[in-house]
Amino acid sequence: MPGQLFVDGSWCDAADGAVREIRCPADGVPVATVAEGGAADTARAIAAARAAFDTGPWPHTTERERGDLLFRLADAIERDAKEFARAESLDTGKRLVESEYDMADIVACFRHYAGLAGTQAGRVVDTGRSDAISRVVHEPIGVCGLITPWNYPLLQVSWKVAPCLLAGNTFVLKPSELTPSTAILLMQALDEVGLPAGVGNLVLGAGARAGAPLADDPRVDLVSFTGGLVSGRAVATAAAATVKRVCLELGGKNPNVVFADADFDTALDFALTAVFLHSGQVCSAGARLVVEDSLHDRFVDELVARAGQIRLGGPFDPQAETGPLISAAHREKVESYVAGAVDEGAVLRCGGSRPPDPALADGFYFAPTILDGCDQTMACVHDESFGPVLTVETFTDEDDAVRIANDTTYGLAAGVFTSDAGRGQRVAGRLRHGTVWINDFHPYVPQAEWGGMKQSGNGRELGLAGLDEYRETKHIWHNIDPRPQHWFAPFHHAGGAS
Ligand code: NAD
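Keep in mind it's a predicted model, so treat the numbers as computed, not measured. (Residues numbered from 1 in each chain as written. Predicted model: local features only at pLDDT ≥ 70, side-chain atom pairs only at ≥ 80, totals over all residues. Heavy atoms only, no water.)

1. Structural notes on the environment of Ser419
Within the secondary structure layout, Ser419 lies in the loop between β17 (413-417) and α14 (421-430). The spacing of Ser419 and Ala260 is 159 residues in sequence and 9.0 Å in space, taken between C-alpha atoms. Not counting residues within four places of it along the chain, the set of residues in contact with Ser419 comprises Asp261, Ala262 and Asp263. Looking at Ser419, its side chain comes within polar contact range of the main-chain oxygen of Asp261, at 2.6 Å. (Helix = DSSP H or I, 4+ residues; strand = E, 2+ residues; numbered from the N terminus. Contact = heavy atoms within 4.5 Å. Polar contact = N/O pair within 3.5 Å; in protein donor to acceptor, adjacent residues only side chain to side chain.)

This is the structure we're talking about:
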C-alpha cells in the first residue's frame, strides 16, 4: 500500500514530507505509515479537481458511462473485499465480521447509484403555451470536498463518492486521519477502473489542516461533511463565506422507546445491539433507553445482566462481541462523560471502567455501561458520548414517551418497540428523527434516504435525495416561436428608422 496522497492521478508524499503512524486501537500495534497532508496539499488537490471539472471530459461523459464505471468499481471492491475488510479492522479495531458486512454494504451502495444511471433524464414541464418548451435538467455541481469520520470509514466515503461521481462532479476526499487505509485502497480501485486523472483526489491529514481548506476555498463548490456537531458547525461557518453548498451529517443522541407491551426478549436483544454495537461508536446508536415505567425494573435488571456478559476483543478474536474505542483520547472523553453523569445523579448499574482483563490492556477498551435513573434535566441524556454507554429514562404513557424522545437537540434516529401496530405507527409519525425503526434497530437500505433533523444535520445521503445533494437543477426555457414583442409598449420595436 503506498500510504500516500493521490492528486491529479499520481501518488505523492505530503509537500513537507510529514507522515503519521496508524496503530490498531485493539492492541496499539502499528499497522500503517501514511503521508500527513496539510493546507498546501489540499490546495493542490483542489486545483487538480477544478481543472478536471472545468476543462476535462468527465462532466460531459454520459450518465451511463459514469454508471458503468461505478459498476466496475463495485466489482473490484467485491473482488478485494477481504483485503479491504482487514485494512478497515486494523484501522478501527472493529471485529472483522463487521468490516466484512460493511464491505457488502459498500458494494451495494456503488451498485445502487450505478443502477440509477439512465433513469435521471430530468422532466418536461407543461408551459401552458404553444410557443415555448420548458425542461428541468440536472447538471453536476462542480468540485466537491468530501470529509468523513472514522467509525464506518469506507461506508461513509462510499455514501458520498458514489452519488458525487454519478452526477458528474470531481472531488477531493479527506477521510479521518485515524482511519485512512481503505480510502487509499478505494483510490487504487478507482484508478484501476479508469477514473480520469484529477477527477478523484485524496488528501490525508488532520481536519484543521488538511480538511478545513475544503470548506473555505472558493474553488470548491460543495462540501459534504460527516462527523461531530462541533466540527460540522466550523465547516458550515467557513463555507458560508463562499456560499457553497453544505451537506452536514452530524451526531445523534437516539432514543429507543420501549413500551410494556413489546415482546420482552426481542426488545431486550435489540436494546443491547442498539447501543453496544461497535462499542457505541455508531451515529445512530440507541444510547437513550426510554422505557415504560411499569416495565423498567425487570427490563433494566435483565439488560444489566446481559451487558455484563458482553465479550470484548480484537478484530480477529472470533469470540469477541464488540471491540475497542478508536483512541486513548476518545476513551478519556467517554470516561469523563460517565463521571459527569454520576456526578449529576445517574446510577451506575454496570461498566463505567476499563475491563480488568490483562489481555485487553494495550487496547482502548471500555466496558459496556448502563446509567439508570436519568431524566431530561441531566446533560448525560443530551450529550453524545459515542461510546458503549446507555442512559435510562422512564415514561408513563404514549404522549409522555413522545415528549421525552423528542427532547433533544439532535434528530438522527429512533426506535419504538411495541406489539400494538397502530401505536408503533402513531409514535413513529410523531418522532422528530430522520429514521425511525419499529421493532428493529439499525438496518438501512441504500434505496431509502438517510439524514438527520434538527442539529443532526441538513444533509441527505442515499436514495434519490442523496443524488440530489450532488447535482444542480436547471430550468431551460425555449421560445420556439420567437417574434417581436407587442405586449410591453415601452420596448416595442415598431420597425423602420429610429
Ligand atoms: P470529527 O468531527 O472529529 O471528524 C470528522 C472529520 O472531519 C474528520 O475527517 C476530521 O479530520 C474532519 N474535521 C475535523 N474538524 C474539521 C474542520 N474544522 N474542518 C474540516 N474538517 C474537519 O468526527 P469523528 O470523531 O471523526 O466522528 C464521530 C462523529 O461523527 C460522531 O459525532 C458521529 O455521530 C458522527 N457521525 C455521523 C453520521 C451520520 O450519518 N449522521 C455518520 C457517522 C458518524
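Here the narrative resumes, following the displayed structure.
2. Let's talk about the pairing of strand β3 (residues 19-23)
In the sheet, β3 pairs with strand β4 (residues 30-35) via five bridges, with the strands oriented antiparallel. Across the sheet, the residue bridging to Val19 is Ala35, located in β4. Between β3 and β4, which pair antiparallel one after the other, the connecting turn spans six residues, and Gly28 there sits at a positive phi close to 75°. (Pairing = 2+ DSSP bridges.)

3. Details of the domain arrangement of the protein
When the parts of a complex come together, some accessible area is lost, and that lost area is often taken as the interface size. The assigned domain composition of the protein is domain 1 (5-250 + 457-478) and domain 2 (255-438). On a C-alpha basis, the centroid separation for the pair domain 1 and domain 2 is 31 Å. Listed as interface residues are 22 residues of domain 1 and, on the opposing side, 23 residues of domain 2. Considering only the surface of domain 1 that becomes buried against domain 2, Pro25, Arg95 and Trp150 emerge as the three largest contributors, covering 31% of it. Scanning the region where domain 1 abuts domain 2 turns up zero salt bridges. If you look at where domain 1 meets domain 2, you find six residue pairs in polar contact (both at pLDDT 80 or more). Of all the elements in the fold, those that place two or more residues in the side of domain 1 that touches domain 2 are α3 (81-92) and α4 (96-116). It is α3 that provides the largest number of residues to the side of domain 1 that touches domain 2, a total of five residues. Considering only residue class, the side of domain 1 that touches domain 2 consists of ten nonpolar, six polar and six charged. (Domains from an automatic or database assignment. Buried area = accessible area lost by both parts, 1.4 Å probe. Salt bridge = Lys/Arg side-chain N within 4 Å of Asp/Glu carboxyl O. Nonpolar A, V, L, I, M, F, W, Y, C, P; charged D, E, K, R; others polar.)

4. A few points about the side chain of His433
Considering the arrangement of structural elements, one finds His433 in the loop between α14 and β18 (435-438). Of the polar contacts made by the side chain of His433, one reaches the backbone oxygen of Ala405; its length is 3.1 Å.

5. Let's talk about the pairing of strand β12 (residues 255-258)
With burial as the criterion, each face of β12 is covered, one bearing Pro255 and Val257 and the other bearing Asn256 and Val258. As judged from the four bridges shared by β12 and strand β13 (residues 288-292), these two strands associate in the parallel manner. Following the sheet pairing, Asn256 is matched in β13 by Leu289. Each parallel crossover has a hand, and the one from β12 via helix α9 (residues 264-276) to β13 is right-handed. (Buried < 20%, exposed > 50% of the residue type's maximum accessible area, 1.4 Å probe, protein only. Right-handed = clockwise from strand over helix to strand, strands pointing away.)

6. Points about the packing of aromatic side chains
Applying the stated criterion across every chain yields a total of nine aromatic pairs. Between the aromatic rings of Trp159 and Tyr444, the centroid separation amounts to 5.3 Å while the plane-to-plane angle is 65°, which identifies the pairing as edge-to-face. With Trp159 in helix α5 (residues 153-166) and Tyr444 in the loop between β18 and α15 (463-468), this pair connects stretches of sequence that are 285 residues apart. Relative accessible area serves as the criterion here: at 5%, Trp159 is assigned to the buried category. The partly exposed category is assigned to Tyr444, whose relative accessible area is 26%. Residues Trp159 and Trp450 carry aromatic rings whose centres are separated by 6.1 Å and whose planes lie at 65° to one another, so their mutual orientation is edge-to-face. With Trp159 in helix α5 and Trp450 in the loop between β18 and α15, this residue pair connects regions lying 291 residues apart in the sequence. Residue classification places Trp450 among the buried residues on the basis of a relative accessible area of 8%. Pairwise contacts between aromatic rings join Trp159, Trp437, Phe441, Tyr444 and Trp450 into one cluster. Lying across the ring of Tyr152, Lys94 places its NZ or CZ 3.7 Å from the centre. (Phe/Tyr/Trp six-rings, centres within 6.5 Å; stacked < 30°, edge-to-face > 60°. Lys NZ or Arg CZ within 6 Å of the ring centre and 35° of its normal.)

7. Let's talk about the pattern of salt bridges
Going through the model one piece at a time under the given rule, you end up with 30 salt bridges. For Arg79, the salt bridge identified is with Glu192, shortest N-O distance 2.9 Å. A residue pair is termed long-range when its members are at least 10 positions apart, and Arg79 in helix α2 (residues 63-79) and Glu192 in helix α6 (residues 181-192) qualify at 113 residues. Judged by relative accessible area, Arg79 falls into the exposed class, the value being 52%.

8. Observations regarding a negative patch on the surface
On the surface, a cluster of negative charge is contributed by Asp343, Glu344, Asp375 and Asp383. Along the chain, Asp375 turns up in the loop between β15 (369-372) and α12 (379-382). (Patch = residues over 30% accessible without salt bridge, like charges linked within 9 Å, V, L, I, M, F, W, Y side chains within 5 Å. Areas by Shrake-Rupley, 256 points an atom, 1.4 Å probe, with all protein chains shown as cover. Lys, Arg positive; Asp, Glu negative; His and termini not counted. Charge placed at Lys NZ, Arg CZ, Asp CG, Glu CD.)

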